[in-house]
Amino acid sequence: MATPASLEYAEEFVPEDDILLSARRRGIEVGAHPILPGCGAALCFLATAVHARSVVEVGTGCGVSGLWLLRGMRPDGTLTSVDVEREHQRMARQAFAEAGFSGSRIRLIGGLALDVLPRLADGGYDLVFCDAAKQEYIDYLTESVRLLRAGGVVAFRNAFWHDQVADPTRRDPDTVAMRELGKLVRNDDRLRPLLLPLGDGLLAAIKLG
């Protein structure tokens, strides 16, 4: 079993460069809670593994997760990122520009995820990453399965939810929602699930054919 020191080593195994560090600092300053490097590296890995050309991100933040995704995607790929915070998206656009990604590769949509996702095309995406309202994650799962092509991947941040999901006595709405999400993903015959102990837990699943 991995020790805390081993988990810390895993988080830092693929280090952030100056562009990611700058985006992280801006995100922390405005309370956007950027993903940790290990989780970011996992997203980059997944995007590369599925040769992602079309990716949906629910929760733009200030661009840290988007940078990791873009770096794993095909050179002609497009990231569609949804967030209610326009200022966060402005900062994300700055991070993408600093990293050299052209505007044509990024589609930032302001608004509520559950208003935006139903307007996106069935089976048109290779990867969906969700990092927004925890009590909406089950709805994001429904939309993600519809959006993904066969062989595509959905990933959810905060699968451990501050180490509360594994504690059955924790019954607050966010923890219950995350616990239920895990059960749904694990028991869905359309999905092949995986739970990674990176960051606050990264729950991922491949959509089967």
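Here's what I pulled together on the structure shown here. (Residues numbered from 1 in each chain as written. Predicted model: local features only at pLDDT ≥ 70, side-chain atom pairs only at ≥ 80, totals over all residues. Heavy atoms only, no water.)

### Describing the sheet that holds strand S2 (residues 78-83)
Neighbouring strands of a sheet are bound in pairs by backbone hydrogen bonds; such pairs are parallel or else antiparallel. Across the sheet, which stays open at both edges, the seven strands sit in the order S3-S2-S1-S4-S5-S7-S6 with mixed pairing between neighbours. Lying at the two open borders of the sheet, with one neighbouring strand each, are strand S3 (106-110) and strand S6 (191-196). The mean inter-strand angle of the sheet, taken between neighbouring strand axes irrespective of direction, is 15°. (Pairing = 2+ DSSP bridges. Helix = DSSP H or I, 4+ residues; strand = E, 2+ residues; numbered from the N terminus. Axes fitted to C-alpha atoms, helices over the stretch in contact; angles between N-to-C directions.)

### Considerations on helix H8 (residues 173-187)
For H8, which comprises 15 residues, the first-to-last C-alpha distance of 21 Å matches the rise-based estimate of 21 Å (1.5 Å per residue) to within 8%. Taken together, the buried positions of H8 are Thr175, Ala177, Met178, Arg179, Leu181 and Val185. Taken together, the buried residues of H8 touch helix H7 (137-147), strand S5 (148-157), S6 and strand S7 (202-207). (Expected span 1.5 Å × (residues − 1). Buried < 20%, exposed > 50% of the residue type's maximum accessible area, 1.4 Å probe, protein only. Contact = heavy atoms within 4.5 Å.)

### As for the pairing of strand S1 (residues 54-58)
In terms of burial, S1 is a largely internal element, four of the five residues being buried. Viewed along the sheet, the connection from S1 through helix H4 (residues 64-72) into S2 turns out right-handed. Bridging between S1 and strand S4 (residues 125-130) involves four bridges; their strand directions are parallel. Bridge pairing in S4 places Val56 opposite Val128. (Right-handed = clockwise from strand over helix to strand, strands pointing away.)

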